[in-house]
Amino acid sequence: MRFAWRGEVTDDELVALTHSHGGTSQAGWWDRVRPHSLGWVTARIEEMLIGFVNVAWDGGDHAFLIDTKVRPDQQRRGIGTELVHIAALHAKEAGCEWLEVDFDDPLAPFYYDACGFAPTQAGLLHLPDLHVVEPS
Ligand SMILES: CC(C)(COP(=O)(O)OP(=O)(O)OC[C@H]1O[C@@H](n2cnc3c(N)ncnc32)[C@H](O)[C@@H]1OP(=O)(O)O)[C@@H](O)C(=O)NCCC(=O)NCCS
């Protein structure tokens, strides 16, 4: 098992990893997202990509964890926890003070208990549902 910060990873590998756990991903996604990333962590067994997490940021002291993924046949072996830990260490090293994440309720044991996040209030807007007021 090899973990790497900002390790080489292709769009095709990330699409395959996303599909492996039933997620949806469009070809070209990573190529569009990567320039906005502080960094990312990859996990590989030999050459195969089996885990990934991306760290977006505001250019200052806030970093945002997104797209944590581990291949289903490798889950519950501590890989997700290690990916997040490495991401957090590098966000700290980059000068960030806060690392944020949002997730659905069933993943609370992963982010709170295994990864050490504290609960906080947060808000979310689904922008496609936003009512656009046309100027009169
Ligand atoms: C969430 C995910 C990344 C966790 O990866 P993982 O390598 O299996 O996590 P770990 O082995 O480090 O888990 C550590 C602990 O977190 C908790 N945990 C992990 N996955 C969990 C899940 N799906 N539901 C609830 N708790 C979970 C467990 O307490 C686990 O310890 P245990 O195995 O001794 O019970 C993985 O399940 C995944 O890729 N899911 C699909 C994509 C996804 O939903 N990503 C999250 C986006 S916010």
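Preceding block: the structure.
Residues numbered from 1 in each chain as written. Predicted model: local features only at pLDDT ≥ 70, side-chain atom pairs only at ≥ 80, totals over all residues. Heavy atoms only, no water.

### Some remarks on the nonpolar core
So, step 1. Val41, Val53, Val55, Leu65, Ile79, Leu83 and Ala87 are the most contacted members of the largest nonpolar core, which totals 18 residues.
So, step 2. Elements that contribute at least two residues to this core include exactly strand 2 (37-45), strand 3 (48-57), strand 4 (62-70) and helix 3 (79-93).
So, step 3. For this core, the leading source of residues is helix 3, giving six residues.
So, step 4. Residues within four places of Ile79 in sequence aside, it is in contact with Met1, Phe3, Ala43, Ile50, Val70 and Gln74.
So, step 5. Core analysis: the next-biggest nonpolar cluster, separate from the first, contains eight residues, Leu17, Trp30, Trp40 and Leu49 among them. (Core = buried A, V, L, I, M, F, W, Y, C linked by side-chain atoms within 4.5 Å. Buried < 20%, exposed > 50% of the residue type's maximum accessible area, 1.4 Å probe, protein only. Helix = DSSP H or I, 4+ residues; strand = E, 2+ residues; numbered from the N terminus. Contact = heavy atoms within 4.5 Å.)

### Let's talk about the pairing of strand 4
So, step 1. As judged from the six bridges shared by strand 3 and strand 4, these two strands associate in the antiparallel manner. Paired with Gly51 across the two strands is Val70, which belongs to strand 4.
So, step 2. The turn linking strand 3 back onto strand 4 is made up of four residues, and Gly59 within it adopts a positive phi angle of 85 degrees.
So, step 3. Across three bridges, the pairing between strand 4 and strand 5 (residues 98-100) is parallel. Note on strand 5: the bridge partner recorded for His62 is Trp98. (Pairing = 2+ DSSP bridges.)

### Focus: a nonpolar patch on the surface
So, step 1. Together, Leu125, Leu127 and Leu130 make up an exposed nonpolar region whose accessible area comes to about 340 Å².
So, step 2. Here Leu127 shows up in the segment after helix 4 (108-114).
So, step 3. Looking at Leu127, the relative accessible area reads 56%, which means it is exposed. (Patch = residues over 30% accessible without salt bridge, like charges linked within 9 Å, V, L, I, M, F, W, Y side chains within 5 Å. Areas by Shrake-Rupley, 256 points an atom, 1.4 Å probe, with all protein chains shown as cover. Salt bridge = Lys/Arg side-chain N within 4 Å of Asp/Glu carboxyl O.)

### A word on unusual backbone geometry
So, step 1. Positive phi, normally seen in glycine, also occurs at Arg6, with a value near 60 degrees.
So, step 2. Given a relative accessible area of 43%, Arg6 falls into the partly exposed group.

### A short note on the sheet that holds strand 1 (residues 2-5)
So, step 1. Sheet architecture is open: five strands sit in the order 1-2-3-4-5, paired in mixed fashion. This sheet does not close on itself; its edge strands, each paired only once, are strand 1 and strand 5. When strand polarity is set aside, the average angle formed by the axes of neighbouring strands in this sheet is 20 degrees.
So, step 2. Pairing geometry for strand 1 and strand 2, over four bridges, is antiparallel. Opposite Trp5, over in strand 2, you have Val41 as the bridge partner.
So, step 3. Sheet strands touched by helix 1 (residues 11-20): strand 2, strand 3 and strand 4. Its angle to strand 3, the strand with the most contacts, is close to 100 degrees.
So, step 4. Each of strand 1, strand 2, strand 3, strand 4 and strand 5 is contacted by helix 3, which is oriented at about 160 degrees to strand 4, the strand it contacts most. (Axes fitted to C-alpha atoms, helices over the stretch in contact; angles between N-to-C directions.)

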